[in-house]
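The chain contents come next:
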Amino acid sequence: MTSTLPGRLSFGALPQFATLAAVLLANWLVFPDFFDLRLQDGRLFGSVIDVLNRGAPVAILALGMTLVIATKGVDLSVGAVMAICGAVAATMAAADYSLVAILAAALAVGALCGLWNGFLVAVLDIQPIIATLILMVTGRGIAQLVTEGQIVTFTHEGLIAVAGSSALGLPMPVVIALVLGLALAALVRLTALGLLIESIGVNRTASTYAGVDSRSVLLATYMISGLTAAVAGVIAASDIRGADANNAGLWLELDAILAVVVGGTSLFGGRFSILLSLVGALVIQAMNTGILLSGYPPELNLIVKAVVIAAILVLQSPAAGRLFGFLRRS
Amino acid sequence: MDNAEPLLLSLRGLTKTFPGVTALDGVDFDLRAGEVHALLGENGAGKSTLIKTLTGVYVRDGGSVHLQGTPIAPADTADAQRLGIGTVYQEVNLLPNLSVAENLFLGREPRRFGLRDARRTEAMARDLLVGYGLDIDVRRALGDCSVAVQQIVAIARAVDLSGKVLILDEPTASLDAGEVVTLFAIVRRLTARGIGVIFVTHFLDQVFALADRATVLRNGRLVGTREIAGSNRLDIVKMMLGRELETETMKRHRRQVVDAPPVVSARGLGRRAYVQPFDLDIRPGEAIGVAGLLGSGRTETAKLLFGIKQADRGALAVGGKPVRISSPRAAAALGFGFCPEDRKTEGIVGDLSVRENIALALQARRGWLRPLGRTESRALADRFIRALDIRTSDAEKPIRLLSGGNQQKALLARWLATEPRFLILDEPTRGIDVGAHAEIIRLIERLCDDGLALMVISSEIEEIVAYADRVVVLRDRSHVRTLEGEAVNVNDIVRAIAAEAVPGAAA
């Protein structure tokens, strides 16, 4: 359809991969064992695997966030939706429902949250940042209602396996993120959905006048974002074998937005790349891990992260692009 | 060239290339002191590149610029200003929130004890503007003044700062007839003082009213320079288009429209506080012109028919079947198309490619589950790029980089790709140069001959006369007259637009 992924990668993807390489290199410098892998019980272990595993929830959130941002929107509620869906999954696991029922319920709740956001944005025409702020604020309250104010824990074998098992030598969350990423890329690029999303993001009025069903497309993107948040929420709950309504997914919406932006999708909507958002999520997690491994005092972590992110964004800014263009010419 | 008057500005072999395009190719251009020299050409001919290269916005790649015999190379617009070359753009780029006086002396305010001396600034501003026959309160915020006054203030500032060469880039685009006269009087006063004026415009009338000479560019090359006194309009238009035109306004050879059943038939269709109820029948192969002043309800009629606004009264039938159109999507499904007046905000999807823009309406109609394959949409785009002569380096170029006329053609292509039966064009030639103008009119005629029902809204009455079979005249949001046959002429249309509202006259 629109610039296919390979086409996109050959052109604009260089900064993202260069950034990832630089961050990985920095990690290797502060921690020479960074790239060491070892196979144990048919599963790979090592810092790189840890980066992938820890980064999976944000990567999954970034998938849905990419589409929302491409429509010139933003979804601030994904962290709270994670908490709600995690709470639903944990509560049902504690009550010993089957894994299928748990997953179905969590995904349905996530889709419902997405529909709510989509309704506010697409039908009531509320600005996305405000519309999704509503659920961001109330979501944790809803999650607490689900868990009845308790931190619910469970010993449900099936649900624990969602984050705890492995496939193809990789931790399950990594596999889920990859499969979901590929499925979503296929969904938007093998159908016309990607084109319609980009078209709405660039100019919603013109797209509507051209006969695009902007409302349905917007509803769909927010729903997809709700679904990816549900998946991330189930993984988070499975990981800690419980649900913490207050802390599950806390601030992850910001990491997800950052991942999308580092991946090169503009907050002004339009062209997007799902694959590059995954790279963006990796950059962020590699940095988090790197700061931990480097042994800086933890209070410095956020500052180091902020400086590095600022540097990345400056390098990707249009102004820097002009400067590089100028330097190349002269 | 006679040397009776001294050469103020002399450009020789000016060349400017951008990646993939030669925007200026060895252009020569002279400006004498005290003359108005019109710079003409279609969009993309190189007019604005020439201006920008001259004023230091771009750095030239070749050639020379001499100002009063001295070679110059302005580094930026401020530098050009210091050298004596001032520019006034169509959209005045002064500060609307500051007063007229402050705008005139921005950055060079008279000071007293290190503070800005408001009193003296105002006195100086008044003195300056009297020279332009402008007697206004200079303490007023510039944004509260009419566009014409803003334009004059911008000119006054530019002349005061530079004082040798004044470049006017489409200064009259947003002025009414009376304001244009005022502006021209001021320009003549300036030339009498020996200032050379470069006048960029699309309006040939104004060239003949004001300019001493005209230079025509086409595709970045110099076509020629003519003394206006010895030329006629047709010569100049031919130079701009590079091809022969029979006459400027061609009257379409009308086929007698047979009594085919109407494609679209409205009875008492209207919406409260939007458009008064109207009746309208449009048959296949028929072009309906819609005339009226700005705000008379022309665009509103179009938006009602296309479902952007929903009618709250009356009935609409398409192909004989009663329908209710609730959205553009529903209208498109019925075989309607709509090219809006405001191309930039309602028409093009700027960052997407020409190919995607052309395929958008067809894709929207097919739904997201049935994508047009890349090769399919590529073939579609290439077909229309050829058929409509859309000038773009390739189909993957973002559409916002195309000129207005080519964007308009791409939007037409977007709807033609859906094989519509009824197409609404709102001001299809607005902001488009003469060449693309003629092409679009020819396209309209061709579409009609192919059996499409067309509704064309336009402020250019001559244009409407050229292609319309019938003309609907609107005034104050109601359809007041329909002119047919011999009555479709400029005089009758203008009279209908201007007529006093007579009780009972509204059909």
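Quick caveat: nothing in here was measured; it's all calculated off a predicted structure.

About the criteria used
Residues numbered from 1 in each chain as written. Chains lettered and ligands numbered in written order. Predicted model: local features only at pLDDT ≥ 70, side-chain atom pairs only at ≥ 80, totals over all residues. Helix = DSSP H or I, 4+ residues; strand = E, 2+ residues; numbered from the N terminus. Rg over C-alpha atoms; globule rule 2.2 N^0.38 Å. Contact = placed C-beta atoms within 7 Å. Core = buried A, V, L, I, M, F, W, Y, C linked by C-beta atoms within 7 Å. Buried ≥ 20, exposed ≤ 12 C-beta atoms within 10 Å, placed from the backbone. Nonpolar A, V, L, I, M, F, W, Y, C, P; charged D, E, K, R; others polar. Expected span 1.5 Å × (residues − 1). Arc of directions from axis to C-beta. Axes fitted to C-alpha atoms, helices over the stretch in contact; angles between N-to-C directions. Left-handed = near helix turned anticlockwise from the far one by under 90°. pLDDT = per-residue confidence, 0-100. Pairing = 2+ DSSP bridges.

### Remarks on the overall build of chain B
On a plain count of helices and strands, chain B comes out with 17 helices and 22 strands. Taking 23 Å as the expected radius of gyration for a compact globule of 507 residues, we find that chain B reaches 26 Å, a close match to that expectation. Principal-axis analysis of the C-alpha atoms places the extent of chain B at approximately 75 × 55 × 50 Å. When contacts within chain B are restricted to residue pairs at least 6 apart in sequence, long-range pairs at least 24 apart make up 68% of them.

### Topic: the nonpolar core
Grouped together as the largest cluster of nonpolar side chains are 190 residues, with contacts concentrated most on Ala-62, Ile-84, Cys-85 and Ala-89 of chain A together with Leu-454 of chain B. Sequence-distant contacts of Ile-84 of chain A, that is, excluding residues within four places in its chain, are made with Val-109, Cys-113, Gly-139, Ile-142, Ala-143 and Val-146 of chain A. Core analysis: the next-biggest nonpolar cluster, separate from the first, contains 64 residues, Ile-152, Leu-183, Val-207 and Val-223 of chain B among them.

### Some remarks on the environment of Leu-269 of chain B
All names here are of chain B. Residue placement: Leu-269 occurs in strand 13 (residues 264–271). A tally of 23 C-beta atoms within 10 Å means that Leu-269 is categorised as buried. Discounting residues that sit within four places of it in the chain, Leu-269 has contacts with Pro-277, Phe-278, Leu-304, Ala-311, Gly-314, Ala-315 and Leu-316.

### Some points on helix 1 (residues 47–54) of chain B
Counting buried residues along helix 1 of chain B, six of its eight residues qualify, which places the element largely inside the surrounding structure. Just past helix 1 of chain B, the residue Gly-56 of chain B takes up positive phi, approximately 85°.

### Examining the interface of chain A and chain B
Listed by partner, the interface residues are 22 residues for chain A and 25 residues for chain B. At the level of secondary structure, the elements contributing two or more residues to the side of chain A that touches chain B comprise helix 9 (193–202) and helix 10 (204–209) of chain A. At six residues, helix 9 of chain A tops the list of elements feeding residues into the side of chain A that touches chain B. Residue classes in the side of chain A that touches chain B are distributed as ten nonpolar, nine polar and three charged.

### Examining helix 8 (residues 172–190) of chain A
All names here are of chain A. If you check helix 8, its first and last C-alpha atoms are 26 Å apart, about what 19 residues at 1.5 Å a residue would give, namely 27 Å. Every buried residue of helix 8 is listed here: Pro-173, Val-174, Ile-176, Ala-177, Leu-180, Gly-181, Leu-184, Val-188 and Arg-189. The buried residues of helix 8 occupy an angular sector of 165° when the element is viewed end-on, so they sit on one face. Seen from the open side of helix 8, the exposed residues pointing more than 90 degrees away from its buried face are Val-179, Ala-183, Ala-186 and Leu-190.

### A word on the packing of helix 3 (residues 47–70) of chain A against helix 12 (residues 252–262) of chain A
Residue and element names in this part refer to chain A. Interhelical geometry of helix 3 versus helix 12 gives an angle of 65° and a closest axis separation of 8 Å. Between helix 3 and helix 12 lies a crossing whose hand is right-handed. From helix 3, Pro-57, Val-58, Leu-61, Ala-62, Met-65, Thr-66 and Ile-69 reach across to helix 12, where they touch Leu-252, Asp-255, Ala-256, Ile-257, Ala-259 and Val-260. The class makeup of the residues in the contact of helix 3 with helix 12 is eleven nonpolar, one polar and one charged.

### Quick look at the confidence of the model for chain B
Residue and element names in this part refer to chain B. Here chain B averages 84 in pLDDT, while 91% of its residues score no lower than 70. Across residues 501–507 the pLDDT falls below 50, and counting only partners more than four positions away or on other chains, this stretch makes seven contacts in the model. Per the prediction output, this complex has pTM 0.71; the corresponding ipTM is 0.84.

### Concerning the pairing of strand 13 of chain B
All names here are of chain B. Where strand 13 meets strand 14 (residues 275–282), five bridges bridge the pair, whose relative direction is antiparallel. What sits directly across from Ala-266, in strand 14, is Leu-280. Taken together, the five bridges between strand 13 and strand 16 (residues 313–318) define a ladder with antiparallel strand orientation. Residue pairing in the sheet places Ala-266 in a bridge with Leu-316 of strand 16.

### Topic: the pairing of strand 11 (residues 213–218) of chain B
Residues and elements named next belong to chain B. Of the pairings in the sheet, the one linking strand 3 (residues 36–40) to strand 11 comprises four bridges and is parallel in character. Residue His-37 lies in a different strand from strand 11, and its bridge partner there is Arg-213. Pairing analysis gives six bridges linking strand 11 to strand 12 (residues 221–227), with the strands arranged antiparallel. Along strand 12, the bridge assignment pairs Thr-215 with Thr-225. Hairpin connection, strand 11 to strand 12: the antiparallel pair is bridged by two residues, and Asn-219 has positive phi, about 50°.

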